[in-house]
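Structural characterization, general
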Amino acid sequence: MCTRIFNNFNKENNYLTTARNMDWATQMPTTIFAFKVNNEEEIIKSGTSPQNENSLIWTAKYNSVVTMVGTEAPFGASDGINSAGLVANLLYDSSAKYARKDGSSCKNLDVLRWVQFVLDTCCSVKEVVAAFSESAQTQIQLIGGIVPGSDKLAALHLAVSDKFGDSAIIEVHKGKYFIYNNPEFRVMTNEPSYAKQIELNQFWEWQWSNDNNFPSNTLPGGLFLQIDLLGRLII
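Below or above, wherever it landed, is the structure these notes cover. (Residues numbered from 1 in each chain as written. Predicted model: local features only at pLDDT ≥ 70, side-chain atom pairs only at ≥ 80, totals over all residues. Heavy atoms only, no water.)

1. Focus on the packing of aromatic side chains
Let me state the cut-off plainly: For this analysis, a ring pair means two rings from Phe, Tyr or Trp (six-membered ring only for Trp) whose centres lie within 6.5 Å, classed as stacked if their planes differ by under 30 degrees, edge-to-face if by over 60, and tilted for the remaining angles. Numbering of helices and strands runs from the N terminus, with a helix taken as a DSSP run of H or I at least four residues long and a strand as a DSSP run of E at least two residues long. Burial here depends on accessible area, computed with a 1.4 Å probe over protein chains only, as a share of the maximum for the residue type. Under 20% is buried, over 50% is exposed, and the range in between is partly exposed. Here, a charge over a ring is recorded when the distance from Lys NZ or Arg CZ to the ring centre is within 6 Å and its angle to the ring normal is within 35 degrees.
Applying the stated criterion across every chain, the model contains eight aromatic pairs. On the basis of an interplanar angle of 75° and a centroid distance of 5.1 Å, the ring pair of Trp 58 and Phe 117 is categorised as edge-to-face. Here Phe 117 lies in helix α1 (residues 114–121) and Trp 58 lies in strand β5 (residues 57–59), a separation of 59 residues in the sequence. An identical accessibility class is assigned to Trp 58 and Phe 117; each is buried. Across the ring face of Phe 35, the terminal group of Lys 45 is positioned such that the distance to the ring centre comes to 4.5 Å. Between Arg 186 and the ring centre of Phe 9, over which it is positioned, the NZ or CZ distance is 3.8 Å.

Here it is as structure tokens:
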């Protein structure tokens, strides 16, 4: 199971670190790309290929280093960081559904270009959240595809973190964006939904907090399971 972890425990926002593992059924060939903004000429990008009147079009504002999955075009951007200190990570989410009822009035963005769009246009988690909010001036319809080098649908959710210590997770269910924006949301995995992940985490935080007078009850076997000095179980 893929996991993304964001270390932002330091109150001064020092030592900020984002890490993720790629746990996939098959080898995923990757290439690291560096994209540099040209101050003399705008770099304009399209959300789909081929480009059409419904494609999301944007101009790159920031330099970025991006991990691209695949051996040839079309590649899929999975992770990256831009020159403003924003990090984006895509993880598998089997429950992701992109189609939305009002999709005809939206601009289309291939989900495999989601990371690149975010890194090109946003400098912070707050800007990413604003771009995919219900009040955004341009409403974005994600378009699904196939994970490069496999036959699996690119069902994905996005995690972003920034140099300010902020964090957000964006999931898409039946075309609606569910955004979880809180510096405390440091860890995410593939499944279940992030709402459930928060619920499960709250349970374990209580189990091992000072509010629980009997934390040993959560050990396998409860109070009746002990281990002797030789490491043998005594029941």
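2. Regarding helix α3 (residues 194–207)
Spelled out, the test is: A helix is expected to span 1.5 Å multiplied by its residue count minus one. By definition in these notes, contact holds between two residues if any of their heavy atoms fall within 4.5 Å.
Counted at 1.5 Å a residue, the expected span for α3 with its 14 residues is 20 Å, and the 20 Å between its end C-alpha atoms agrees. Listed as buried for α3 are Tyr 194, Gln 197, Ile 198 and Gln 207. Elements in contact with the buried residues of α3: β12 (167–173), β13 (176–181) and β14 (187–189).

3. Observations concerning unusual backbone geometry
Here the residue pair Ser 49 and Pro 50 is connected by a cis peptide bond, since its omega of 5° sits within 30 degrees of zero. Locating Pro 50 in the fold gives a position in the loop between β4 (44–46) and β5. The linkage connecting Glu 191 with the following residue, Pro 192, adopts the cis geometry, with an omega of 0°. In this structure, Asn 13 takes a positive phi of about 60° despite not being glycine. Relative to the elements of secondary structure, Asn 13 occurs in the loop between β1 (3–7) and β2 (17–21).

4. Some details on the nonpolar core
In globular proteins that are soluble, nonpolar side chains generally tend to be buried together. What counts is decided by this rule: Joining through side-chain atoms within 4.5 Å is the link that ties buried Ala, Val, Leu, Ile, Met, Phe, Trp, Tyr and Cys residues into a set, and such a set is a nonpolar core.
In terms of nonpolar packing, the biggest core is built from 38 residues, with Trp 114, Val 118, Val 128, Phe 132, Leu 158 and Val 160 touching the most fellow members. Per element, the largest residue contribution to this core is five residues, and it comes from α1. Residues in contact with Phe 132, not counting those within four places in the same chain, are Trp 114, Phe 117, Val 118, Ile 140, Ile 170, Tyr 177 and Ile 179. Among the nonpolar cores identified, the runner-up in size contains nine residues, and Leu 91, Ala 159, Ile 169 and Met 188 belong to it.

5. Quick notes on the environment of Gly 85
Along the chain, Gly 85 turns up in the loop between β7 (76–82) and β8 (87–92). Residues Gly 85 and Asp 162 lie 77 residues apart in sequence; the distance between their C-alpha atoms is 5.6 Å. Setting aside residues no more than four positions away along its own chain, Gly 85 makes contact with Ser 161, Asp 162 and Lys 163.

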